[in-house]
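Given next are the chains, with one letter for each unit.
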Amino acid sequence: MIPLILILAILVFIIIELPPGDFLTVYVEKLKASGVMMDETAIERLSRQYALDKPGYIRCYTWLKNIITRGDFGRSFQWDKPVLDLIKERLALSVAISLFSTIFVMTIGFAIGVFSAVRQYSAFDYIFTFVGFIGVSIPGFLLALLLMWFLYSRFGIYISGLFSPEFEDAPWSFAKFLDLLKHIWLPALVVAVSGIAGNIRTMRANLLDELKRPYVMVARSKGVAERKLLFKYPIRVAVSPMLSTIGWTLPSLFSGEALASIVLNLPTIGPMLMQALMAQDMYLAGSIILILGSLTLLGTLISDILLAWADPRIRYGESGR
Amino acid sequence: MTNQGENIFLEVKNLKTHFHLDEGTVKAVDGVSFKMKKGKTFGVVGESGCGKSVTARSILRLEEVTDGEIILHRNGETLDLAKMPATSEELRKIRGKEISMIFQEPMTAFSPVHTIGSQIEEAILLHQDVDQEEARKIAAEGLRRVGIPKPEERLDSYSFELSGGMLQRAMISMAISCNPNLLIADEPTTALDVTIQAQILDLLLQLQEELGMAIMLITHDMGVVAEMADEVAVMYLGKIVELAPVEKLFYDPKHPYTRALLKSIPKVGVKANRLESIEGMVPDPYNLPKGCKFHPRCPSYIEGVCDAAEPSEVEIDSEHRVSCFLYGGR
Ligand SMILES: Nc1ncnc2c1ncn2[C@@H]1O[C@H](COP(=O)(O)OP(=O)(O)OP(=O)(O)O)[C@@H](O)[C@H]1O
Ligand SMILES: [Mg+2]
């Protein structure tokens, strides 16, 4: 886990360094375009200040060292502020949205999948299979746009942001938290849609497979009640593959969240990452990617633990004899 | 013929279980009737695919029954299992307690994510008034009874940790854990070697004596039938073609199919093997021959008779019946 994060950090740094030029060149270009000229010495001073004159690996080393020893992620060129201060709140909101999305994906996807399988070929099953296909194929941001347009044109509700106006700049309080809960479900749902649709399909297919297994009939032959039997045996076996997907759905949740946030104008980390990348604000962009990446690794770890807990075949490293 | 005075436990009348698939209808069980008596063993034999397992599962309503009656006799009352909703509480109380079943495939009969113990204890907790701890003791004792070494440890094993023979014995101990009145045993000893097979069969006979349990024994092994069964039904393509007490069936078989089956047993001293030596193949279930379904393979085939209509059942005597034109039935 720790070595993985280190490797991740180095990779992130290399990728951030890859585009030609750096923040200063972009900055100077911009100024030029607007007619302002900067003299060479000023540029050089800035360059030294941000260690842009040093080779990349030294910058990488300093950056990592500061993160590990002081929890200092560096400064943003653009905002001229410590990265951590800039991203703290936005990151928390993003994580909150992703967390809610994950919960939606797990619960809604699970419930509909189970119901579809148990009532295979019912109207419910057909409707949700269809909805599922659309859900998998429609991008989250498009859904967000459609939803915004629909709610506004039909009901005059303008959904945007994560807070009501009166709370926008207010300090954190319980009331603000409640207000957040009132708003967060919609973006979370938008982000979750494709995950939900995917999970419906996985769960339905897995459960249909498991329902045919002899152990289900054996349990029935013992006199176990149908509902109890369903949850205890086939559903229990069928959730394993779903648990294993938590890990790798996280990155797609993060990127989905970024797009949806831009569209819905949410103060989350996604739009900030976009800006930072475009301006080559390398420490800001790098830190965001590093943190999201680490969270994804953490998610994978959690999903592996869950999986091992749920499925003894994995716990025992046994693949069936 | 009346059943008065006879000790009937379960009576199956004209049972039909058909599967409707895209390729066509499979008449897996197509009108079978038989009676099972308390304390007796009812053997069912026949080639692979003739509907033995489906008959067994239909009795417990684990398959959707198309037609027929499944009458259970209990203290002078009769209950028709075929009329009960498949998920009814009434039926659930019978399953596992009054009638339990040993399934054919031991490897897949246990859930891979639950311990063997929890699955055996489940049956005990459902039907006996005991707590978790006692259930565990009963389950461990059950495993010991079927000859599984270190039963306490085995209770905590998962199915993938045990061999086929082990699982089959665990399955058997699960089925007899609640002392059923009828034990349906679908090829209960296929995964076991000869000595253990003998032990298990002895155990079943012993239980039968102690509890007056009826056994429905499904097998390919004519040797096992000869040893265990009191009465034998021979099935061919979803029908019982001959039904007789075991001595009569072995010494005076009537149906050409039964004769062929018996001929396929290796001679004395050699263990009976799978029934492979009958001429011809079992017909495709979607494309059955007209008339008697055995006629294309039958050595006594009568042209114009056997391929024209299906024979009806003929009573040779009160306890021996056969469906064959050689004995009437036109
Ligand atoms: N769930 C099912 N759906 C469709 N067809 C089935 C189903 N179960 C069994 N069959 C068909 O019913 C017929 C009888 O099967 P069954 O399992 O009862 O045979 P069997 O006599 O037990 O054979 P074996 O000796 O191999 O166990 C076969 O043709 C089989 O393909
Ligand atoms: Mg079978």
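Residues numbered from 1 in each chain as written. Chains lettered and ligands numbered in written order. Predicted model: local features only at pLDDT ≥ 70, side-chain atom pairs only at ≥ 80, totals over all residues. Heavy atoms only, no water.

(A) Structural detail: the overall build of chain B. Helix and strand counts for chain B stand at 10 helices and 12 strands. In terms of C-alpha radius of gyration, chain B reaches 20 Å, essentially the compact-globule figure of 20 Å for 330 residues. C-alpha extents for chain B along the principal axes are approximately 65 × 45 × 45 Å. Here chain B, with 330 residues, has 55% of them falling under the buried criterion. Counting contacts in chain B only where the partners sit at least 6 residues apart, residues at least 24 apart contribute 61% of the total. For chain B, the exposed area adds up to about 14700 Å²; of that, 48% sits on carbon and sulfur atoms. (Helix = DSSP H or I, 4+ residues; strand = E, 2+ residues; numbered from the N terminus. Rg over C-alpha atoms; globule rule 2.2 N^0.38 Å. Buried < 20%, exposed > 50% of the residue type's maximum accessible area, 1.4 Å probe, protein only. Contact = heavy atoms within 4.5 Å. Areas by Shrake-Rupley, 256 points an atom, 1.4 Å probe, with all protein chains shown as cover.)

(B) Quick peek at the pairing of strand β10 (residues 239–245) of chain B. All names here are of chain B. The buried fraction of β10 amounts to six of the seven residues, a majority that puts the element mostly inside the structure. Pairing of strand β9 (residues 231–236) with β10, which is carried by six bridges, proceeds in the antiparallel orientation. The residue bridging M235 from the neighbouring strand is I240, located in β10. One ladder, built from two bridges, connects β10 with strand β12 (residues 320–322); its direction is antiparallel. Paired with L243 across the strands is R321, a residue of β12. (Pairing = 2+ DSSP bridges.)

(C) Region of the structure containing the coordination of the magnesium ion (ligand 2). Residues and elements named next belong to chain B. Around the magnesium ion (ligand 2), the donor atoms from the protein are S53 (OG) and Q104 (OE1), and they sit 1.9 to 2.2 Å away. Of this pair, S53 sits in helix α1 (residues 52–59) while Q104 is found in the loop between β6 (99–102) and α3 (116–127), placing the two residues 51 residues apart along the sequence. For S53, a relative accessible area of 14% gives the class buried. On the basis of relative accessibility, which here comes to 29%, the residue Q104 falls in the partly exposed class. (Donors = N, O, S within 2.8 Å, 3.2 Å for Na, K, Ca; no water.)

(D) Region of interest: the interface of chain A and chain B. Chain A puts 24 residues into the contact, and the matching count from chain B is 27 residues. With both chains or domains summed, chain A and chain B bury close to 2400 Å², and 65% of this area falls on carbon and sulfur atoms. Among the residues of chain A in contact with chain B, M217, S221 and K222 of chain A are the three that bury the most area, contributing 25% of the side total. In this assembly, chain A and chain B are joined by two salt bridges. Here K232 of chain A makes a salt bridge to E122 of chain B, at a shortest N to O gap of 3.0 Å. On inspection of chain A and its partner chain B, the count reaches nine residue pairs in polar contact (both at pLDDT 80 or more). Where the side of chain A that touches chain B is concerned, the elements lending two or more residues are α9 (214–221), α10 (226–264) and α13 (312–315) of chain A. For the side of chain A that touches chain B, a count of residues per class yields 11 nonpolar, two polar and 11 charged. (Buried area = accessible area lost by both parts, 1.4 Å probe. Salt bridge = Lys/Arg side-chain N within 4 Å of Asp/Glu carboxyl O. Polar contact = N/O pair within 3.5 Å; in protein donor to acceptor, adjacent residues only side chain to side chain. Nonpolar A, V, L, I, M, F, W, Y, C, P; charged D, E, K, R; others polar.)

(E) Focus on the nonpolar core. Core analysis: the biggest nonpolar cluster contains 76 residues, and L10, F34, I59, I99, L182 and M216 of chain B have the highest contact counts within it. Ranked by residue count, the leading element in this core is helix α6 (residues 164–175) of chain B, at seven residues. Leaving out residues up to four positions away in the same chain, F34 of chain B has contacts with L10, E11, V12, F42, T55, I59, M216, I240 and L243 of chain B. Judged by nonpolar contacts, the second largest core, of 42 residues, contains A117, V191, I200 and A310 of chain A. (Core = buried A, V, L, I, M, F, W, Y, C linked by side-chain atoms within 4.5 Å.)

(F) Broad picture of the layout of surface pockets. Considering only enclosed or pocket space, the largest pocket measures out at about 1500 Å³ in volume. Contributing to the lining of the largest pocket are 35 residues, with V118, L211, R220 and E226 of chain A together with E64 of chain B lying nearest its centre. Those elements giving two or more residues to the lining of the largest pocket turn out to be α5 (83–118), α8 (174–211), α9 and α10 of chain A together with β1 (8–21) of chain B. When the residues that make up the lining of the largest pocket are grouped by side-chain class, the tally is 18 nonpolar, six polar and 11 charged. (1 Å grid on protein atoms, 1.4 Å probe; cavity = no way out; pocket = protein on both sides within 12 Å on 5 of 7 lines; lining within 4 Å. Points joined across faces, edges and corners; volume = space filled by probe spheres on them.)

(G) Summary view of empty space enclosed by the protein. Counting across every chain of the model gives two cavities of 30 Å³ or more. By volume, the largest cavity amounts to about 80 Å³. Every residue along the wall of the largest cavity is listed here: V218, S221 and K222 of chain A together with G96, S100, M101, A123, M171, M174, A175, S177 and C178 of chain B. Mapped onto the lining of the largest cavity, the elements with two or more residues apiece are α9 of chain A together with β6 and α6 of chain B.

(H) Highlighting the site of ligand 1. Residue and element names in this part refer to chain B. Contacts to ligand 1 come from 15 residues, most closely from S48, G49, K52, S53 and Q104. Here K52 contributes a side-chain N or O atom positioned 2.9 Å from an oxygen atom of ligand 1. A total of 630 Å² of accessible area belongs to ligand 1 in isolation, and the protein chains cover 71% of it. Residue assignment for the shell around ligand 1 shows that the elements contributing at least two residues are β1 and α1. (Near = heavy atom within 4 Å.)

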